[in-house]
There are 2 protein chains.
Amino acid sequence: MSAPIDFYFDFASPYAYFAACRIDALAARHGRTVRWRPVLLVGLLKATGVLPAPMVPLRGPYAERDCARTAQLNGIVYRQPANFPALLLAPPRAALWIENEYGADMAAAFARRCFEAYFTEGVDIGQDDAVVRLAEEQGVDGTRLREGLHSAAIKEQLKTVGEEAIARGVFGVPFTIVDGEPFWGFDRFDQMEQWLTQAAATKAAA
Amino acid sequence: MSAPIDFYFDFASPYAYFAACRIDALAARHGRTVRWRPVLLVGLLKATGVLPAPMVPLRGPYAERDCARTAQLNGIVYRQPANFPALLLAPPRAALWIENEYGADMAAAFARRCFEAYFTEGVDIGQDDAVVRLAEEQGVDGTRLREGLHSAAIKEQLKTVGEEAIARGVFGVPFTIVDGEPFWGFDRFDQMEQWLTQAAATKAAA
C-alpha cells in the first residue's frame, strides 16, 4: 500500500470544501488513502504575511465569482454561507478530538458532514451546538465532545498540527502532499492526479 | 464574429508565458481572436497591496516548483531565466509601440517571441538591445523602435493600459476577460474553455 495523501484544510474555505468533495474518490482511484489534517488558514497566512483573499481589493469580488463558477462547472452544490468569511474554531478542534477518541475514519466523516452543512445548508458551524449536533449524527458522544472542544490539550494539538504544516511548506488551503510533492489549491487536483498516475507507472516499471 | 478575448500579461510572469503559449489556439477553437494587453504586474499588485509570490515566504519556493511542474505536465519548454524575478519595462513598451506603428498582429508576434526568448533561451529581454533585436527579426525598424521605447507617450500609454485593467478588476497575470467574464491564472484556462463552449451553445440555441 502506498503512502496516504496528506490533505490540509480549513473548514471556512470554499476551495477546501470543493477539495473535500473530491479528495477521497481521487485517492481511491490510485489506491491511496487520505489523512485529513484540519488547520487554521489564519495561522498559515500569519506565517507568510498574506491577507485572506476576501479582504484584498479586487481579489475579494473575483474570488466570490470564481467560487460560484468553480462549483457550477464541477457540479458541486455550493451556497456562500451567511457568516462568511469566518474564523471557525469549533470544527477543527472537534475533528481532532473525534480522531483521538474514535479514529481517523470517524473524524473524516465528521469533517465531510461539517463542510456540507456549512456550504450547502447554511448551518453556522462556528457554534458549539451545531458542531455537537453534527457529531452526534455520526455516533459521537456529544456531552464528552462539548467538554473536549474547550480542553487545553485540543487547542494545543490544533496549534501543533498547524506548526507542522508550516514546517512542511504549507501556506494555504486546500494543500495536499503526495509522497513529498506539494499541491496548493483545488485547481491543482488535475496535476495531483497526473502525478499519481506517473508515480504508479514508475513503480510498475521498477 | 464574437468579441475578442482580452489577455492581460506581464513578460516577467512564467504563468503568463504558459498562457501566451496556449491562448491563440484556445481562442481560435472558439472562433475568437485575442487582444494582447501588456501590463506591469507590479502596478496591479500595488493597487491591491499584495507582494509578488517570489517574495512571500513558503510561496516563493512553491511557485518555483509549481512552474516547473506546470510546464512539464503541459508539454511546454521552460527554463527559469537567470534574471528572475525581474521588472521588465522594455518589452511591454516595445509591444505597445509596435502595435501603434505596425498593428496588433505584429505586436502579438513580437510578444510571443519575447516570451520564448526569455523563458526558453535565457535572453535578458530587460535590455533595449535584446528587445530591438527581437523586434527587427519580425521586420520592425529597430532605430525608430529604440527611440520610441523611451518616449513619454509610450510610458504614459503603458500606464493607461494598466489603469484601465485595474478599472476592469484585473489584479494579477495572466488575466483574461471573455464577454465580461474574468479568468485569473493559466490554471483557469480549462474554465475559460468551458465558458466559451457554453457561450457558443447558448448563442446557437437563441
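Procedures and definitions
Residues numbered from 1 in each chain as written. Chains lettered and ligands numbered in written order. Predicted model: local features only at pLDDT ≥ 70, side-chain atom pairs only at ≥ 80, totals over all residues. Heavy atoms only, no water. UniProt positions renumbered as here; feature names shortened; annotations may be inferred. Pairing = 2+ DSSP bridges. Helix = DSSP H or I, 4+ residues; strand = E, 2+ residues; numbered from the N terminus. Axes fitted to C-alpha atoms, helices over the stretch in contact; angles between N-to-C directions. Contact = heavy atoms within 4.5 Å. Expected span 1.5 Å × (residues − 1). Core = buried A, V, L, I, M, F, W, Y, C linked by side-chain atoms within 4.5 Å. Buried < 20%, exposed > 50% of the residue type's maximum accessible area, 1.4 Å probe, protein only.

- Taking an unreviewed UniProt entry as the reference, chain A is identified by name as 2-hydroxychromene-2-carboxylate isomerase belonging to Pseudoduganella armeniaca.
- What UniProt states about chain A under its Sequence similarities (unreviewed entry) heading is, verbatim, "Belongs to the GST superfamily. NadH family."

### Overview of the sheet that holds strand 3 (residues 175–178) of chain A
Okay, so step 1: In space, the four strands of this open sheet follow the order 2-1-3-4 (chain A), with mixed pairing throughout. At either end of the open sheet lies a strand with only one pairing partner, and these are strand 2 (34–38) and strand 4 (181–184) of chain A. Direction aside, neighbouring strands of the sheet carry axes that sit 20° apart on average.
Okay, so step 2: The pairing of strand 1 (residues 5–9) of chain A with strand 3 of chain A spans three bridges and is antiparallel. Looking at the pairing, Tyr 8 of chain A lines up with Phe 175 of chain A of strand 3 of chain A.
Okay, so step 3: Helix 3 (residues 59–73) of chain B rests against strand 3 and strand 4 of chain A of the sheet, and its axis sits at about 95° to strand 4 of chain A.

### Remarks on helix 8 (residues 152–167) of chain A
All names here are of chain A.
Okay, so step 1: With 16 residues, helix 8 extends 22 Å between its outermost C-alpha atoms, agreeing within 8% with the 22 Å of an ideal straight helix rising 1.5 Å per residue.
Okay, so step 2: Contacts made by the buried residues of helix 8 are with strand 1, strand 2, helix 2 (41–48), helix 4 (90–102) and helix 7 (142–148).
Okay, so step 3: Just downstream of helix 8, Gly 169 is the residue with a positive phi angle, here 95°.

### Things to note about the nonpolar core
Okay, so step 1: Formed by 65 residues in total, the largest nonpolar core has its most connected members in Phe 11, Trp 36, Phe 110, Phe 115, Ile 125 and Met 192 of chain B.
Okay, so step 2: The element contributing the most residues to this core is helix 5 (residues 104–120) of chain B, with nine residues.
Okay, so step 3: If we ignore the near neighbours within four places in the chain, the residues touching Ile 125 of chain B are Phe 11, Leu 88, Ala 90, Pro 91, Cys 114, Ala 117, Tyr 118, Ala 130, Val 131 and Leu 134 of chain B.
Okay, so step 4: Core analysis: the second largest hydrophobic core is formed by 64 residues, Ala 95, Ile 98, Ala 117 and Tyr 118 of chain A among them.

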